[in-house]
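Residue strings, one per chain:
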Amino acid sequence: MSVFTPCRGKTACRDDGERCLVCERSFGEISETRRLIDALADLACTQGYDNVDDFAAYVARKLGKVIRHRRTST
């Protein structure tokens, strides 16, 4: 398994044309992560959630559970 390294921001990003040399993630992975975060933000805005921190914590909690479940089920 690999280790996730969070982005340090677009201004810190350095690339070799295929991946960030700071977080070492591929541009495809970075783009897909941004797309998914954008979709979650759109959902929260469309629903008009006032308690966005609760929504974000719920998503993080559920995501961790789903990942752990999938890893032990395969």
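Now for a quick tour of the structure. (Residues numbered from 1 in each chain as written. Predicted model: local features only at pLDDT ≥ 70, side-chain atom pairs only at ≥ 80, totals over all residues. Heavy atoms only, no water.)

Remarks on the packing of aromatic side chains
Right, on to step 1. Applying the stated rule across the entire model yields 1 aromatic pair.
Right, on to step 2. With a centroid separation of 5.3 Å and 45 degrees between ring planes, the pair formed by Tyr49 and Phe55 is classed as tilted.
Right, on to step 3. For Tyr49, a relative accessible area of 35% translates into the label partly exposed.
Right, on to step 4. Note on Phe55: relative accessible area 17%, which makes it buried. (Phe/Tyr/Trp six-rings, centres within 6.5 Å; stacked < 30°, edge-to-face > 60°. Buried < 20%, exposed > 50% of the residue type's maximum accessible area, 1.4 Å probe, protein only.)

Things to note about unusual backbone geometry
Right, on to step 1. The residue Glu24 is not glycine, and still its phi comes out positive at about 70 degrees.
Right, on to step 2. Here Glu24 shows up in the segment before helix H1 (27-47).
Right, on to step 3. With relative accessibility at 57%, the residue Glu24 sits in the exposed group. (Helix = DSSP H or I, 4+ residues; strand = E, 2+ residues; numbered from the N terminus.)

As far as function goes, none of this settles anything; it's purely spatial.
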